[in-house]
There are 2 protein chains.
Amino acid sequence: MRMTSQREIILKELQDSHQHLSADELYERVKKIMPRISLATVYRNLETLSEAGIIGKLEISGRQKRFDFDIHPHDHIYCLQCHRVDNIDFDRNLVNPAEVASDKGYQITGYRVEFKGICSACRRNQKKREDGDKK
Amino acid sequence: MRMTSQREIILKELQDSHQHLSADELYERVKKIMPRISLATVYRNLETLSEAGIIGKLEISGRQKRFDFDIHPHDHIYCLQCHRVDNIDFDRNLVNPAEVASDKGYQITGYRVEFKGICSACRRNQKKREDGDKK
DNA sequence: TTACAATTGATAATTATTATTAGAAGGGGT
DNA sequence: ACCCCTTCTAATAATAATTATCAATTGTAA
């Protein structure tokens, strides 16, 4: 894999963001630095980078994929309202894949724990809206 | 919500299947009984039925949604190869949402544990193919 | 039985993503 | 520096899954 300039910028933008960005969010950011880049290039390189294990790919519930600068195994929570994704501190030792394995004859290669809820920003907004309605 | 005939058949087919079917799989089945039904109706009713809490909606990793006749809280494993989904026996008491809750100010409404791997049928097929290659 | 809302089938539109393709660019080996 | 080979890119088309639109139909309830 060649570390091209587009690849480099995509990677840097994702890492600097410290967020779980989707391909199109990243595309918007990268375009500011490299205006002629194509959305397909962003998709392609995110795929390549995640295959190479340099970034993580998050396949969150029925939504756009998001990409993660942090590749150590960890779990996530996402907001049902604004779809942002955050890391959670969940003790992965609590889960023992070997125990589940026998279940249906699956050969288990991984697992993830996914919490969902409403993030603090969305709750604030909701409250503000409700207060507004009262007036 | 009116229990229309299409609604009834969709529900019955899902329940009788004892599987985690996708909208189009269910469409194929329902069409055999009610040939003029529209795919949109299947989508619409699966949505309605799951909103009403009569069936469950499975939003598995970056894939087609699947629907579940079994609404009691439980977790799933899916096959990376053929994309089938099975239930797993996972002790949900191991996870304490309240502990995670404080983390980022989220109000947690649920969580799921999702295993992935290769199902026994796909492993058999893989083995068969390998044996074939040897000859 | 009339009137109104819910539902349907057909189809168009949308969203997210992947595939295609022709051309450009990087990096040896000579 | 020049050629060759592979990788990569931009632009665009294609695809897959789902949702929206809308006119026609059906069920329900006054």
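The preceding data block contains the structure.
Attention in this report is confined to the structure presented alongside it.

Definitions and cut-offs
Residues numbered from 1 in each chain as written. Chains lettered and ligands numbered in written order. Predicted model: local features only at pLDDT ≥ 70, side-chain atom pairs only at ≥ 80, totals over all residues. Heavy atoms only, no water. Near = heavy atom within 4 Å. Polar contact = N/O pair within 3.5 Å; in protein donor to acceptor, adjacent residues only side chain to side chain. Helix = DSSP H or I, 4+ residues; strand = E, 2+ residues; numbered from the N terminus. Nonpolar A, V, L, I, M, F, W, Y, C, P; charged D, E, K, R; others polar. Pairing = 2+ DSSP bridges. Axes fitted to C-alpha atoms, helices over the stretch in contact; angles between N-to-C directions. Phe/Tyr/Trp six-rings, centres within 6.5 Å; stacked < 30°, edge-to-face > 60°. Buried < 20%, exposed > 50% of the residue type's maximum accessible area, 1.4 Å probe, protein only. Expected span 1.5 Å × (residues − 1). Contact = heavy atoms within 4.5 Å. Parallel < 35°, antiparallel > 145°, perpendicular 65-115°, else oblique. Left-handed = near helix turned anticlockwise from the far one by under 90°. Buried area = accessible area lost by both parts, 1.4 Å probe. Salt bridge = Lys/Arg side-chain N within 4 Å of Asp/Glu carboxyl O. 1 Å grid on protein atoms, 1.4 Å probe; cavity = no way out; pocket = protein on both sides within 12 Å on 5 of 7 lines; lining within 4 Å. Points joined across faces, edges and corners; volume = space filled by probe spheres on them. Domains from an automatic or database assignment.

Regarding the protein's contact with DNA strand C
- Around DNA strand C, a shell composed of 18 residues is seen, among which Tyr43(A), Thr4(B), Arg7(B), Arg36(B) and Thr41(B) lie nearest.
- Counting only atoms of DNA strand C within 4 Å of the protein, the sugar-phosphate share comes to 72%.
- Between a phosphate oxygen of DNA strand C and a side-chain N or O atom of Tyr43(A), the distance comes to 2.7 Å.
- A distance of 2.8 Å separates a phosphate oxygen of DNA strand C from a polar atom in the backbone of Lys65(A).
- Breaking the surface near DNA strand C down by element, the ones donating at least two residues are helix H3 (39–51) of chain A together with helix H1 (5–17) and helix H3 (39–51) of chain B.
- The residue makeup of the surface near DNA strand C, split by class, is six nonpolar, six polar and six charged.

As for the sheet that holds strand E5 (residues 85–88) of chain B
- A sheet is described by the order of its strands in space; here six strands give the open sequence E5(A)-E4(A)-E6(A)-E6(B)-E4(B)-E5(B), paired in mixed fashion. Of all strands in the sheet, those bounded by a partner on one side alone are strand E5 (85–88) of chain A together with E5 of chain B. With strand direction ignored, the average angle separating the axes of adjacent strands in the sheet is 30°.
- Note: strand E6 (residues 107–118) of chain A against strand E6 (residues 107–118) of chain B, 11 bridges, orientation antiparallel. Pairing of Glu114(A) across the sheet is with Arg112(B), part of E6(B).

Regarding the packing of aromatic side chains
- Applying the stated criterion across every chain, the model contains four aromatic pairs over all chains.
- Measuring from ring centre to ring centre gives 6.5 Å for Phe90(A) and Phe115(A), while their planes differ by 55°; the resulting arrangement is tilted. Placement of Phe90(A) in the loop between E5 and helix H4 (97–101) and of Phe115(A) in strand E6 is noted, with a sequence separation of 25 residues between them.
- Given the relative accessible area of 0%, Phe115(A) is considered buried.
- Feature note: the residues Phe90(A), Phe115(A) and Tyr111(B) constitute an aromatic cluster, connected by ring pairs.

Some points on H1(B)
Residues and elements named next belong to chain B.
- The terminal C-alpha atoms of H1 lie 18 Å apart, and with 13 residues this matches the ideal 18 Å at 1.5 Å per residue to within 8%.
- Tucked inside the fold, the buried residues of H1 contact strand E1 (21–22), helix H2 (23–33), H3 and strand E3 (66–68).
- Looking at the residues trailing H1, positive phi occurs at His18, about 55°.

A few points about the packing of H2(B) against H3(B)
Residues and elements named next belong to chain B.
- Where H2 contacts H3, the axes come no closer than 9 Å and their chain directions differ by 120°. Here H2 lies oblique to H3, going by the angle between them. Considering only the axes of H2 and H3, their crossing is right-handed. In contact with Ala23, Asp24, Leu26 and Tyr27 of H2, H3 contributes Leu39, Val42, Tyr43 and Leu46.
- Along the lines of polarity and charge, the residues of the contact of H2 with H3 split into seven nonpolar, no polar and one charged.

A few points about unusual backbone geometry
Residues and elements named next belong to chain A.
- At His18, a residue that is not glycine, the phi angle is positive and equals roughly 55°.
- Position of His18 among the secondary structure elements: in the loop between helix H1 (5–17) and strand E1 (21–22).
- With a relative accessible area of 59%, His18 lands in the exposed category.

Thoughts on the interface of chain A and chain B
- Counting from both sides, the interface comprises 37 residues of chain A and, opposite them, 37 residues of chain B.
- Both faces considered, chain A and chain B share a buried interface measuring about 3200 Å² in area, 56% of it formed by carbon and sulfur atoms.
- The largest contributions to the chain A side of the interface with chain B come from Tyr106(A), Arg112(A) and Phe115(A), which together make up 20% of the buried area.
- At the boundary of chain A and chain B, one finds two salt bridges.
- For the interface between chain A and chain B, the tally reads 14 residue pairs in polar contact (both at pLDDT 80 or more).

Considering empty space enclosed by the protein
- Scanning the model with the defined rule gives two cavities of 30 Å³ or more in all.
- Estimated volume of the largest cavity: approximately 50 Å³.
- Taken together, Ile60(A), Arg63(A), Gln64(A), Arg66(A), Tyr78(A), His83(A) and Val85(A) form the lining of the largest cavity.
- In terms of residue class, the lining of the largest cavity is built from three nonpolar, two polar and two charged.
- Composition of the lining of the largest cavity by domain shows at least three residues from each of domain 1 (1–72) and domain 2 (73–135) of chain A.
- Considered class by class, the residues forming the lining of the second largest cavity number three nonpolar, two polar and two charged.
- Residue contributions to the lining of the second largest cavity reach at least three from each of two domains, namely domain 1 (1–70) and domain 2 (73–135) of chain B.

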